[in-house]
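A structural walkthrough
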Amino acid sequence: MAQIQIKNVRKEFGDFVAVKESSFTIEDGEFFMLLGPSGCGKTTTLRMIAGLELPTSGEIYLDGEEIGQRPPSERDIAFVFQMFALYPHMNVRKNLSYPLVSQGMPRAQVKAKVEEVAAILGITDILNRPVGGLSGGDRQRVALGRAIVRDPKAFMMDEPLGALDAEFREHMAEELRALHDRMNATTVYVTHDQLEAMQMGDKIVVMNNAVVEQFGTPQEIYDKPATMFVADFIGSPSMNFLNFDGVVSEGETSVALNGHPIAVPRQMQGSSGSLVFGVRPEHISLSDAGDYRGEVLATEYLGTTQIVTLDTPNGEVKARIDSTQVAKVGEKVGLNFEAPKVTLFDASNGLALLSELNQGVLSHG
Amino acid sequence: MSSFSVTEPSKRSKWFAGTLVILYALITMIPLAWIMLTGFKSPADAISYPPKVVFEPTLEGYVNLFTQRTRQTQEYLDANPPENWRDEIVRQYDMVIVGPSKFGERFLNSVIIGFGSTFLSIFLGTLAAYAFSRFKIPLADDLLFFILSTRMMPPIAVAIPIFLMYRQLGLSDTHLGMILLYTAVNISLAVWLLKGFIDEIPREYEEAALIDGYTRFQAFYKVVLPQAATGIASTAIFCLIFAWNEYAFAVLLTSGTAQTAPPFIPTIIGVGGLDWPAVAAGATIFLIPVMIFTILLRKHLLRGITFGAVRK
Ligand SMILES: Nc1ncnc2c1ncn2[C@@H]1O[C@H](COP(=O)(O)OP(=O)(O)O)[C@@H](O)[C@H]1O
Ligand SMILES: [Mg+2]
């Protein structure tokens, strides 16, 4: 039960900056995702919240109290490690008891608590087994059990499903989310898998190169990306970027792509020069009509939908259309863009231009 | 082709490997066996040529090892008949036992100095290795190299300075002096070996303990140490073997109170020169503690080997 506030936190390892001034807030009870490619500083951020790494500068507030420089034992935050880090010389029961023993809890109470948690996680029958021979899923459950057994203020999870087989991962993700919904404990979850982040998270922070790129709900981040990096990283296939040179002025509702006027959300910020027209594949429809045309290069059948790759005057574009619609390779078709869902970017810095679509998100993100 | 398998060696190669191992074991064990046998020979049998493999066993060597004897006149011998089998053995040479030899004391010195310096080396070495493995230490690489470099000089090169230094400090021929000296020599080996073992232990185990509410020292003590048991055991064996067998420093720096067994054993004098059966008996007994220690820790050593193969 806790709110966590990260304020201008920075972490340097010698000359190397692992996390640049970052700020975001994790509300009480949220399932919060830290998303980004490998090496962007997610683990470092998580470890700073838990106290395993001390920030070089900046503050971390836990329920309003500044804890940035305190040792982990004074934070009451649990951590589920990427490779689980179960104590190899102890059996499952001892692993689960360990956090309680450190608090000086009486034996009988420890036993009762461990059994309660084991029942929640369905690991009662393996309590007396050594951790060495456990399956990945059971290790995962024991690691979770060790985290929840002492009712911490918040949970940190570092790619907890990364060590599991693909087929088992989905099942475990559901189990995790169900566990969270049941306990309603503030959880910070690190992943590099955008799909996992979208599926499980209440809120997402997208990091790249030690910088927080965007912070918001999955829907906000998907529909209203703040940067080209976020637009590209989230979604599969990712957002199409059509490069064009032009001028956008405040109040504009269309841009010219290869001489054809294309509708966009009302712009609230002027810009000029090298620009990018960003549109998600599912916001493109294909028809015989339409002034803006492209040639079908390939199609990929996905069941109810198909991904059509087209060559357009502004570069290659992928469209997600109904699989009943016929698209033949080599055919020239018209492209229609769903105007309210389009985002324009400034190619020079990768930032989204402020528009009617994203104004609410960008001004507080 | 059905008899061929990638994982299971063929019968012939198993047989070959087995023969090789047994042959090697025999070759290394022959000198040991010879020493043990010599301990039960009479002085004459011990130096006979060609060497005797079949002989009449006697405990003479062991009696001579543990006792001091003196020659007596015939009248005295007649007046005092032998009281036990030990007396009878020495009577062959017209001698009587006048007291225990120094061997017991020297052996005890070896035990105190050997195990004392091993304990100290492991204690300091584990702490230092943990620090080098886990913390950012300025000039860590240089310090590690410096520690290793203390091992590069042969004992004989530093023996004289140490001898002079010890005399000034009053550490000559003391248990403390020898323990400190052997610890100083062993510590480099201990730090390097143990650092390797501790590096292998994932930091996450300690971090999990920190998260679980333990202090850094508790995490070290309760989580790292049990994980490092294998490494500690094998390092301890190496340290003990060195301290136990060390000869050069012991000859130079000890002569009485703190003399260890290695410089003592070859000085056991019998009738007309070295008493070979007694020397062999001393060597045999001297082997036993290291053997027991190694056998006790063997489980850890084997586990260390198999663990390394399975982990990660
Ligand atoms: N203890 C450390 N010392 C030096 N560099 C580190 C340390 N921990 C992490 N880094 C570096 O910081 C960067 C971010 O690491 P990390 O937070 O683990 O990334 P992520 O979890 O997003 O993959 C990486 O380039 C990594 O090499
Ligand atoms: Mg990571």
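Residues numbered from 1 in each chain as written. Chains lettered and ligands numbered in written order. Predicted model: local features only at pLDDT ≥ 70, side-chain atom pairs only at ≥ 80, totals over all residues. Heavy atoms only, no water.

Attention now moves to the overall build of chain B. When you go through chain B residue by residue, the secondary structure sums to 14 helices and 4 strands. Relative to the globule expectation of 20 Å for 312 residues, the C-alpha radius of gyration of chain B, 26 Å, shows a markedly less compact shape. Along the three orthogonal principal directions, the C-alpha set of chain B runs to about 85 × 70 × 40 Å. Across the 312 residues that make up chain B, the buried fraction comes to 38%. Pairs at least 24 apart in sequence give 73% of the contacts found in chain B among residues at least 6 apart. A total accessible area of about 18300 Å² is found for chain B, and carbon and sulfur atoms account for 71% of it. Of the charged side chains in chain B, 24 are positive and 22 negative; the average position of the first set lies 10 Å away from that of the second. (Helix = DSSP H or I, 4+ residues; strand = E, 2+ residues; numbered from the N terminus. Rg over C-alpha atoms; globule rule 2.2 N^0.38 Å. Buried < 20%, exposed > 50% of the residue type's maximum accessible area, 1.4 Å probe, protein only. Contact = heavy atoms within 4.5 Å. Areas by Shrake-Rupley, 256 points an atom, 1.4 Å probe, with all protein chains shown as cover. Lys, Arg positive; Asp, Glu negative; His and termini not counted. Charge placed at Lys NZ, Arg CZ, Asp CG, Glu CD.)

Our next topic: the confidence of the model for chain B. Residue and element names in this part refer to chain B. When pLDDT is averaged along chain B, the result is 88, and 94% of the positions lie at 70 or above. Strand β3 (residues 269-270) is the least confidently modelled element of chain B, averaging 72 in pLDDT, while helix α6 (residues 103-134) averages 96, the highest of any element. Under a pLDDT of 50 for its full length, residues 306-312 has, in the predicted model, 3 contacts with residues more than four places off or in other chains. For this predicted complex, the interface confidence score (ipTM) comes to 0.84, while the overall pTM stands at 0.81. (pLDDT = per-residue confidence, 0-100.)

With that settled, the discussion passes to the nonpolar core. All names here are of chain A. Within the largest apolar cluster, 74 residues are counted, with the highest numbers of intra-cluster contacts made by Ile4, Phe24, Leu34, Ile77, Phe79, Met156 and Val188. Residue contacts for isoleucine 4: discarding those within four places in its chain leaves Phe24, Thr25, Ile26, Ile49, Ile60, Tyr61, Leu62, Ala154, Met156, Thr186 and Val188. Within the second largest apolar cluster, 45 residues are counted, among which are Val92, Leu96, Val142 and Phe233. (Core = buried A, V, L, I, M, F, W, Y, C linked by side-chain atoms within 4.5 Å.)

All names here are of chain A. Taken together, Phe13, Phe16, Ala18, Pro37, Ser38, Gly39, Cys40, Gly41, Lys42, Thr43 and Thr44 make up all the residues around ligand 1. The side chain of threonine 43 places a nitrogen or oxygen atom 2.5 Å from an oxygen atom of ligand 1. Protein burial of ligand 1: of its 570 Å² of free accessible surface, 61% is covered by the chains. For the shell around ligand 1, the elements supplying multiple residues, two or more each, are β2 (16-26) and α1 (42-50). At 3 residues, α1 tops the list of elements feeding residues into the shell around ligand 1. Its residues placed into classes, the shell around ligand 1 shows 5 nonpolar, 5 polar and 1 charged. (Near = heavy atom within 4 Å. Polar contact = N/O pair within 3.5 Å; in protein donor to acceptor, adjacent residues only side chain to side chain. Nonpolar A, V, L, I, M, F, W, Y, C, P; charged D, E, K, R; others polar.)

This paragraph deals with the side chain of Ser271(A). Following the sequence through the fold, Ser271(A) ends up in strand β14 (residues 271-279). Each residue touching Ser271(A), except ones within four places of it in the same chain, is listed here: Gly246(A), Val247(A), Val248(A), Asp346(A) and Leu353(A).

Listed by partner, the interface residues are 20 residues for chain A and 14 residues for chain B. When chain A packs against chain B, close to 1600 Å² is buried across both sides, 61% of that on carbon and sulfur atoms. Ranking the residues of chain A by area buried against chain B places Tyr87(A), His89(A) and Tyr98(A) at the top, with a combined share of 30%. On the surface where chain A and chain B come into contact, there are 2 salt bridges. Between Glu207(B) and Arg47(A) there is a salt bridge whose closest N-O contact spans 2.7 Å. Across the contact surface, chain A and chain B share 10 residue pairs in polar contact (both at pLDDT 80 or more). Mapped onto the side of chain A that touches chain B, the elements with two or more residues apiece are α1, β6 (77-80) and α2 (92-101) of chain A. (Buried area = accessible area lost by both parts, 1.4 Å probe. Salt bridge = Lys/Arg side-chain N within 4 Å of Asp/Glu carboxyl O.)

Two aromatic rings, taken as a pair, are described by how far apart their centres are and by the angle between their planes. Scanning the model with the defined rule gives 24 aromatic pairs over all chains in all. Relative to Phe233(A), the ring of Phe229(A) lies with its centre 5.3 Å away and its plane at 15°, an arrangement referred to as stacked. With Phe229(A) and Phe233(A) both in helix α8 (residues 228-233), this residue pair falls 4 residues apart, about one helical turn. On the basis of relative accessible area, Phe229(A) is assigned to the partly exposed category, the value being 22%. By relative accessible area, Phe233(A) is classed as buried at 19%. For the ring pair Phe40(B) and Tyr62(B), a centre distance of 5.1 Å and an interplane angle of 35° mean the geometry is tilted. Taken as a pair, Phe40(B) in the loop between α1 (11-38) and α2 (43-46) and Tyr62(B) in helix α3 (residues 60-66) lie far apart in primary sequence, 22 residues in all. Residue Tyr62(B) is classed as buried on the basis of its relative accessible area, which comes to 16%. Site record: aromatic cluster; members linked through ring pairs are Phe66(B), Phe103(B), Phe107(B), Trp244(B), Phe264(B) and Phe286(B). Note that Arg280(A) overlies the ring of Tyr222(A), its terminal NZ or CZ placed 4.0 Å from the centroid. Against the face of Trp34(B) rests Lys41(B), its NZ or CZ located 4.1 Å from the ring centre. (Phe/Tyr/Trp six-rings, centres within 6.5 Å; stacked < 30°, edge-to-face > 60°. Lys NZ or Arg CZ within 6 Å of the ring centre and 35° of its normal.)

We now examine the sheet that holds β2(A). All names here are of chain A. What the 4 strands build is an open sheet, ordered β2-β1-β4-β5; its pairing is antiparallel. Only two strands of the sheet have a single neighbouring strand rather than two, namely β2 and β5 (65-66). Its contacts with the sheet place α1 against β1 (4-13), β2 and β4 (57-62), and it is angled at close to 120° to β1. (Pairing = 2+ DSSP bridges. Axes fitted to C-alpha atoms, helices over the stretch in contact; angles between N-to-C directions.)

Attention now moves to the pattern of salt bridges. Residues and elements named next belong to chain A. Evaluated as defined, the whole model comprises 24 salt bridges over all chains. Here glutamate 115 and lysine 111 are joined by a salt bridge, their closest N and O atoms 3.5 Å apart. Of the two residues, glutamate 115 and lysine 111 both sit in helix α3 (residues 107-121), 4 residues apart, roughly one turn of that helix. According to the relative accessible area criterion, glutamate 115 is partly exposed, its value standing at 29%. Among the residues examined, lysine 111 registers a relative accessible area of 47% and is labelled partly exposed. The shortest N-O distance in the salt bridge between aspartate 138 and arginine 141 comes to 3.0 Å. Of this pair, aspartate 138 and arginine 141 both sit in helix α4 (residues 136-148), 3 residues apart, roughly one helical turn. For the pair aspartate 138 and arginine 141, a shared accessibility class is recorded, and that class is buried.

Working note: regular strand, side chains alternate between the two faces of the sheet. Residues and elements named next belong to chain A. Summarising the sheet, β1 and β2 pair through 7 bridges and their orientation is antiparallel. Within the sheet, the bridge partner assigned to glutamate 12 lies in β2 and is valine 17. Between β1 and β2, which pair antiparallel one after the other, the connecting turn spans 2 residues, and glycine 14 there sits at a positive phi close to 65°.

Residue and element names in this part refer to chain A. Running from N to C, α2 and α3 cross one another at 120°; their axes reach a closest spacing of 10 Å. In terms of orientation, α2 and α3 fall into the oblique class. Seen along the crossing, α2 lies across α3 with a hand that is right-handed. Every residue of α3 that contacts α2 at Arg93, Leu96, Ser97 and Leu100 is listed here: Val110, Lys111, Lys113, Val114 and Glu115. For the contact of α2 with α3, the class distribution of residues is 4 nonpolar, 1 polar and 4 charged. (Parallel < 35°, antiparallel > 145°, perpendicular 65-115°, else oblique. Left-handed = near helix turned anticlockwise from the far one by under 90°.)

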